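This is what each chain is made of:
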Amino acid sequence: MKNRIALVTGAGRGIGRAIALKFAHQGARLAITARSQDQLSNLAQEIRTIGGETMIIVDDLSDDSAPARIVDQVTKGWGPVEILVNNAGIGSSQNPKPLLNFSDDFWNLTMQVNLTAPYLLTKLVLPVMIEQHWGRILNIASIAGKVGGFHSAAYSASKHALIGLTKSTATEVASEGITANAICPGVTRSEMNTLRLEYDAIRLGVTFEKLEETATPLGRRLEPEEVATLAVYLAQNDARGVNGQSINVCGGAVPF
Ligand code: NAP
């Protein structure tokens, strides 16, 4: 991955941050984007202390024109994106509701950030990847892209659809030296997930700690770094045979 140009969305914290850091350790150049400037600055500082190169792009992926602005900035600064990690996402925890009371606005916002933004970013980076006969698309989906969940219709639907987008992309680019894969994390320690566990603890009448213990067969939540390890593997040359897959990092919670 030495000197490869990688773009990681939602890199300010959680899983995106862990992926960006592991990529930087591998020598990739990291364009990192999210809305929170302070979190990106903090990550950039850490990347620089390990001798890595980084570019901060503050933008909001709920805006349809953001993907073009982001890719344009990377291309003008460094060159074409070679590794795209569609990680930014909105969790059900921001507005959990049974389907009958689901907010249409929240449905649309979730689809925009979790599905439409990855679709637009993929379309923007693919042409040069095809020209260069090399590229990696990593979509951070979820085990919620394989099974349904309570009060999370938009999230689960968006992640199922993101896996579908991944499979279609993979089929179309397979002969071009490009791979597209989805990583499906299980319950992983992050701001988004903590909010969700807090909601579920109240919903189920159990303590947060009990829920955390039973979140995966490991008896604990996963750590973002455990998810990032798979991202590093999939981004490498050696992983060229792995294409169109949706791979779980869930401690055994979902066996398919
Ligand atoms: P997180 O800590 O809440 O991080 C989410 C990231 O996405 C943040 O950097 C956030 O930055 C960014 N983001 C959110 N809305 C955005 C917007 N409108 N525009 C641009 N950036 C935006 O959550 P996480 O758990 O690490 O989640 C990362 C990915 O993993 C998500 O796609 C999530 O669905 C997936 N995932 C997580 C888990 C889990 O248990 N944690 C499980 C399965 C899948 P700003 O708020 O600064 O914009």
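From a predicted model like this one, the values you see are computed outputs, not experimental measurements.

Just to check I follow, could you spell out the site of the ligand for this structure?
Near the ligand you find 30 residues, and of these Arg35, Ser36, Asn87, Tyr155 and Ser190 are the closest. Residue Arg35 places a side-chain N or O atom 2.6 Å away from an oxygen atom belonging to the ligand. In isolation the ligand has 880 Å² of accessible area, and contact with the protein removes 96% of it. Those elements that place two or more of their residues in the shell around the ligand are helix H1 (14-25), helix H5 (153-173) and helix H6 (191-204). Considering each element in turn, the shell around the ligand owes the most residues, 3 residues, to H6. Tallied by class, residues from the shell around the ligand come to 12 nonpolar, 12 polar and 6 charged.

Looking at this model, I keep getting lost on the environment of Glu191. Mind explaining?
Assignment of secondary structure puts Glu191 in helix H6. The sequence separation of Glu191 and Gly177 amounts to 14 residues, and the corresponding C-alpha distance is 35 Å. Discounting chain neighbours no more than four positions away, the residues touching Glu191 are Arg13 and Gln39.

Even after reading the chapter, I still don't get the nonpolar core, so can you show me in this structure?
Within soluble globular proteins, side chains that are nonpolar generally end up buried alongside one another. With 35 residues, the main nonpolar core has Ile19, Phe23, Leu30, Ile32, Ile83, Val85 and Ile183 as its most contacted residues. Every element with two or more residues in this core is listed here: strand S1 (5-9), H1, strand S2 (29-34), helix H2 (37-49), strand S4 (83-86), strand S5 (135-140) and helix H8 (224-235). Every residue in contact with Val85, bar those within four places of it in the chain, is listed here: Leu7, Val8, Thr9, Ile19, Phe23, Leu138 and Ile140. In terms of nonpolar packing, the next biggest core, distinct from the first, is built from 24 residues, Val81, Leu84, Ala88 and Ala180 among them.

Looking at this structure, I do not really get the packing of H1 against H2. What am I missing?
In a packed pair of helices, the relevant descriptors are the angle between the two axes and the axis-to-axis distance. Where H1 contacts H2, the axes come no closer than 10 Å and their chain directions differ by 20°. If you check the angle between H1 and H2, you find them roughly parallel. In this structure, the crossing between H1 and H2 has a hand that is right-handed. Contacts from Arg17, Ala20, Leu21 and Ala24 in H1 reach Asn42, Leu43, Glu46 and Ile47 in H2. Residue classes in the contact of H1 with H2 are distributed as 5 nonpolar, 1 polar and 2 charged.

How do you make sense of the sheet that holds strand S7 (residues 246-249) when you look at a structure like this?
Within a sheet, each strand pairs with its neighbour through backbone hydrogen bonds, oriented either parallel or antiparallel. Taken together, 7 strands build an open sheet; the order of strands is S3-S2-S1-S4-S5-S6-S7 and the sheet is parallel. Since the sheet does not close on itself, it has two edges, and those belong to strand S3 (54-58) and S7, each with one partner. In this sheet, adjacent strand axes meet at a mean angle of 15° when their direction is disregarded. Where S1 lies against S2, 5 bridges are found, and the strand directions are parallel. Along S2, the bridge assignment pairs Val8 with Ile32. Across the face of the sheet, helix H4 (residues 104-132) comes into contact with S1, S4, S5 and strand S6 (178-185) while running at roughly 170° to S4.

So, how was this worked out
- Residues numbered from 1 in each chain as written.
- Predicted model: local features only at pLDDT ≥ 70, side-chain atom pairs only at ≥ 80, totals over all residues.
- Heavy atoms only, no water.
- Near = heavy atom within 4 Å.
- Polar contact = N/O pair within 3.5 Å; in protein donor to acceptor, adjacent residues only side chain to side chain.
- Areas by Shrake-Rupley, 256 points an atom, 1.4 Å probe, with all protein chains shown as cover.
- Helix = DSSP H or I, 4+ residues; strand = E, 2+ residues; numbered from the N terminus.
- Nonpolar A, V, L, I, M, F, W, Y, C, P; charged D, E, K, R; others polar.
- Contact = heavy atoms within 4.5 Å.
- Core = buried A, V, L, I, M, F, W, Y, C linked by side-chain atoms within 4.5 Å.
- Buried < 20%, exposed > 50% of the residue type's maximum accessible area, 1.4 Å probe, protein only.
- Axes fitted to C-alpha atoms, helices over the stretch in contact; angles between N-to-C directions.
- Parallel < 35°, antiparallel > 145°, perpendicular 65-115°, else oblique.
- Left-handed = near helix turned anticlockwise from the far one by under 90°.
- Pairing = 2+ DSSP bridges.

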